[in-house]
Amino acid sequence: MSSSSSFSFGSLMRRPETGSFLGLAAVFLFFTAFGGVNFASPTGAASWLNVAAQLGIVAIPIGLLMIAGELDISIGSIIPAGSMTCAIISGHFDLPIVFGVGAALLLGAAIGLINGFLVIRTAVPSFIVTLGTLFAVAGMTLGFSVLVTGTTSVAIKVPEAKWLLGDFIGGIYQVTIFWWLAAILFWGFFLHFSRFGNWIFAMGGDKVSARNAGIPTDRVTIMLFVCSGMSAAFVGLSQAILYNSAQVSAGQSYIFNSIISVVVGGVLLTGGYGSVFGIVLGTLTFAVVSQGIYFTGFDANWASLIIGVLLLGAVLMNNTFRKMALSYAPKKGAK
Amino acid sequence: MAGAILSLNGVNKSFGPIDVLHDINLEIKAGEVLCLLGDNGAGKSTVIRLLSGVHKPSSGAIMMDGKPISFSSPRDAADHGIATVHQFGGTFPLMSIGRSFFVGREPTRWVGPFKVYDRKTANDIAVKAVQNFGINRIDDGDRLVGGLSGGERQALAIARAVHFGARVLILDEPTAALGVKQATHVLRIVNEAKRRGLAVIFITHQVMHAMAVGDHFAVLIRGAIAADFKKGEKSREEITDLMAGGASMAALEAEIDTDISSQPA
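These lines cover the structure that appears in this document, whether it is placed above or below. Since the model is a prediction, treat every value here as computed from it, not as a measurement.

Here is what the cut-offs are and how they apply
- Residues numbered from 1 in each chain as written.
- Chains lettered and ligands numbered in written order.
- Predicted model: local features only at pLDDT ≥ 70, side-chain atom pairs only at ≥ 80, totals over all residues.
- Helix = DSSP H or I, 4+ residues; strand = E, 2+ residues; numbered from the N terminus.
- Buried ≥ 20, exposed ≤ 12 C-beta atoms within 10 Å, placed from the backbone.
- Contact = placed C-beta atoms within 7 Å.
- Rg over C-alpha atoms; globule rule 2.2 N^0.38 Å.
- Nonpolar A, V, L, I, M, F, W, Y, C, P; charged D, E, K, R; others polar.
- Axes fitted to C-alpha atoms, helices over the stretch in contact; angles between N-to-C directions.
- Parallel < 35°, antiparallel > 145°, perpendicular 65-115°, else oblique.
- Left-handed = near helix turned anticlockwise from the far one by under 90°.
- Pairing = 2+ DSSP bridges.

Check the secondary structure of chain B and you find nine helices and twelve strands. The C-alpha extent of chain B, read off along each of the three principal axes, is 80 × 50 × 40 Å. Considering chain B as a whole, with its 265 residues, one finds that 47% of them fall into the buried category. Summarising the internal contacts of chain B: among those between residues at least 6 apart in sequence, 68% fall at separations of at least 24.

Scanning chain A from terminus to terminus reveals 14 helices and four strands. What you see for chain A is a C-alpha radius of gyration of 21 Å, in line with the 20 Å of a compact globule of 335 residues. With respect to the three principal axes, the spread of C-alpha positions in chain A is 75 × 55 × 30 Å. Counting all 335 residues of chain A, 53% fall into the buried class. For chain A, the share of sequence-separated contacts (at least 6 apart) that also reach a separation of at least 24 residues comes to 78%.

Buried accessible area, meaning the area lost when the parts come together, often serves as the stated size of an interface. Contacts between the two partners involve 29 residues from chain A, matched on the other side by 26 residues from chain B. For the side of chain A that touches chain B, the secondary structure elements donating two or more residues are helix H9 (195-205), helix H10 (207-212) and helix H14 (303-327) of chain A. In terms of residue count, the dominant contributor to the side of chain A that touches chain B is H9 of chain A (six residues). Partitioned by chemical class, the residues of the side of chain A that touches chain B number 15 nonpolar, twelve polar and two charged.

With that out of the way, let us pick up the packing of helix H3 (residues 42-67) of chain A against helix H8 (residues 176-192) of chain A. Residue and element names in this part refer to chain A. Running from N to C, H3 and H8 point in directions that differ by 25 degrees, and their axes come no closer than 8 Å. Considering the angle they form, H3 stands roughly parallel to H8. Taken as a pair, H3 and H8 cross one another with a handedness that is left-handed. Here Leu49, Ala53, Gln54, Gly56, Ile57, Ile60 and Leu64 of H3 come into contact with H8, specifically with Thr176, Ile177, Trp179, Trp180, Ala183, Ile184, Trp187 and Leu191. The residue makeup of the contact of H3 with H8, split by class, is twelve nonpolar, three polar and no charged.

This paragraph deals with the sheet that holds strand E5 (residues 67-69) of chain B. Residue and element names in this part refer to chain B. With respect to topology, four strands assemble into an open sheet ordered E2-E1-E4-E5, the strand pairing being antiparallel. Each end of this open sheet is capped by a strand with a single partner; those strands are strand E2 (18-29) and E5. Recorded for the sheet is a direction-independent mean angle of 30 degrees between the axes of neighbouring strands. Across five bridges, the pairing between strand E1 (residues 4-15) and strand E4 (residues 59-64) is antiparallel. Paired with asparagine 12 across the two strands is serine 59, which belongs to E4.

Rendered as structure tokens:
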């Protein structure tokens, strides 16, 4: 029986991350072949791991929102907002870094709270709600930064916090990699092993039935938006600490990059299906492609082409795997 | 004779200026199947929504065990033992059988300091509950619900309701989307639920299906109960006529005939 033996070909094919694993293996082999050994060396690995870590911290909560049937694109301006908040408080005003970090996280949580409330109260699709907050927050960040500091780029020097939030380990690996690992463990447990994970899948599957089954769908929705807001603010503030400065316009690329990572990772756009491990694989795939191109002799402009083709391929492949998962039934007489 | 578990006493419901239900009186007893028949728009869904806590009556009373009751939400109605199963089972196609069975009431166990969803227990209980209803083809709780046939999904949803202590089962057109064989399965499950002492409200437009399981029938026409009778009191033709609106159907036929004959060749 496939339920008792935990590993079988059938159960492997039913997992949402099978497709993304194959995708990652393919791009990895491709760039190892064309990029040479440098690509897989510790230095080479650092280049794509660093990218993956920053993206991954945002991509997981975005993926959970998508599994729950929502979308959050406001992260594109929460990242620079978190960055600027931290830099203005701990750089421009020179207050202890705890305040800078705390204020940035609070801001992320507050924007998430607003997103969540608007989504549950107005029943406007979350894409539109967060598109609104995306622009509103971007405008506020720019406006306040110029108002307070007179510039759109603020320096921040906080050597005491670097080891925790913005240092390079061994000179090459960003400390955010460990934060990403922590996030993977936390969210992986949350989605797949705690009962709350079941609620998120149920909400993405059918929100009305989920509510009738007694799931506090409003609270879970708000909580997920708060988490994605805080994660984005965290990435923003760690960037500011890492690069010793913050810009008002860094982060728009995260909107699409995180959605690509999540979709390549096997999450269904309409919700109800996906896994944290798949999102991690999707994030790695994205990072490998966007960085791997520099190791090859190709013009870096081609990277977007590969990502675009990869995205379409991933969606088609995920559809196939999902159909296999749905049609899967234990063979008659297998007992 | 046991009293009614659930009854509607002179219930009216209007949405703004539009009256949807007029003076509805219904009684549902344990171990009995009440078939609610009616055309689209007759008010069947509104009756279900009143009973399952989605809407409240504009006037009149819902009584449970002889006492008036008001459900604040579908969840509240469910807590009182009223379970509603919709046409497609109201389940989650991309979730496993075990997970969807326990949505909102997940079993957990402690692993060290962590409280973990107990997949094995959930799967075992879910599979056993469905098999108790005679669906032996389901034996792996990890299978996705979307891979089940329509009848199996209904069985899963009904088994779920019974497992969580439902006393009143509301089945909203459970056989409408099913083939003949699948529908027979579902009817058998309805009989099994009745045998276990549940009160079943079976909503349908298929008179054949209603007659196969019903003990008591109510026909709704334009928001009012047009007929209320027991098993064997009316023939299939009479019921079909009632549902189709009787006289108005005959008038329509006559109209069509004159239309055709008056058309220029």
